[in-house]
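# Reading the structure
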Amino acid sequence: MSQGRLAAPKPGPTPLPTLAALPTLTDQSFYAHTAVPHGTLEQVRYTNLAGKEKRLHVYLPPGYAASKDTRYPVLYLNHGGGEDDARWSSPTGGCAPDILDNLIAAGKAKPMIIVMPNTGGLASFTPPEPGKDDLCTQEYLKDIIPLIDSRYRTQVSREGRTIAGLSMGGFVVTNTGLTHLETFAELYIFSSGYIGENQKLAEERFSAILTDPKINEKLRVPLYMGQGETDIALNNGQHFMSLLFKNHIRAFWVLSTGGHEWGNWRRYLWQTAQLMFPASS
């Protein structure tokens, strides 16, 4: 075959990171409360534009209070269905503060702010129509992000924001993050994927985004999807991943032991936090 008919894909905008091997499903050491510098956890209450009183949890990394001139990148981390903003930081849930404390102390993750909002009643299982933001996206763009950027020392740029979520929160990643790559530069999906007719809608409604010739330049890290081999969302997630591959989109696919459970979601956070906010090449 002549070389003129071959076109090698271009590299991404930052050096391709290496995925750390996941801890075992029963390993508790990576989220143990150890003798390392600890960040702080705050509860923040606000009134959204619809006039509803809301709450979110915010993790501030070790040294935030003392580093008066430092601005930090922000991970927006979304919970699953039937849960709320407290679950990702709970010691019986995601253990996010201890995971990040341990990684930062080991030099394996960048110090970052983690914002854990309550998207119950807002997150949609249906892909949005092109150009139409769902209620969750509206709250993010009009309420949550402006609140965080005004209250904390954030890096106010798309390169300084990433979004991740489990199960229902995975739809927040796609419905909000994928449709607003001018706002978020990295997308991480844990145990999620559109169901039934929404699979076809995703292909139709995300068509312009997925076929954008510059999408791989916009994703600073390949889109990540992690799921367990007995996960109830496995087949749906594989369908969405096939849609990404069909459109030649850079993506990490991680298949782990276990199912739709915190034992996996903690591991995925541990793995992906080490990828987030890469330096430009």
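Residues numbered from 1 in each chain as written. Predicted model: local features only at pLDDT ≥ 70, side-chain atom pairs only at ≥ 80, totals over all residues. Heavy atoms only, no water.

Here we take up empty space enclosed by the protein. Applying the stated criterion across every chain, the model contains 1 cavity of 30 Å³ or more. In this structure, the largest cavity encloses a volume near 40 Å³. Taken together, Gly170, Phe171, Thr174, Ile189, Ser192, Gly193, Tyr194, Met225 and Phe240 make up the lining of the largest cavity. Residue contributions to the lining of the largest cavity peak at 3 residues, all from helix α3 (residues 168-177). Within the lining of the largest cavity, the residues separate by chemical class into 5 nonpolar, 4 polar and no charged. (1 Å grid on protein atoms, 1.4 Å probe; cavity = no way out; pocket = protein on both sides within 12 Å on 5 of 7 lines; lining within 4 Å. Points joined across faces, edges and corners; volume = space filled by probe spheres on them. Helix = DSSP H or I, 4+ residues; strand = E, 2+ residues; numbered from the N terminus. Nonpolar A, V, L, I, M, F, W, Y, C, P; charged D, E, K, R; others polar.)

Now for the layout of surface pockets. For the largest pocket, the calculated volume is near 310 Å³. If you go around the largest pocket, you meet 14 residues; those closest to its centre are Lys10, Pro213, Asn216, Glu217 and His248. Broken down by element, the residue count for the lining of the largest pocket peaks at 3 residues, all from helix α6 (residues 215-218). In terms of residue class, the lining of the largest pocket is made up of 5 nonpolar, 5 polar and 4 charged. Within this model, the second largest pocket holds a volume of roughly 190 Å³. Taken together, Asn48, Leu49, Ala50, Lys52, Lys54, Gly120, Leu122, Leu135, Gln138, Glu139, Lys142 and Asp143 make up the lining of the second largest pocket. Here the lining of the second largest pocket is built from residues that sort into 4 nonpolar, 3 polar and 5 charged.

From the geometry alone we can't say anything about function, so treat these as descriptive.
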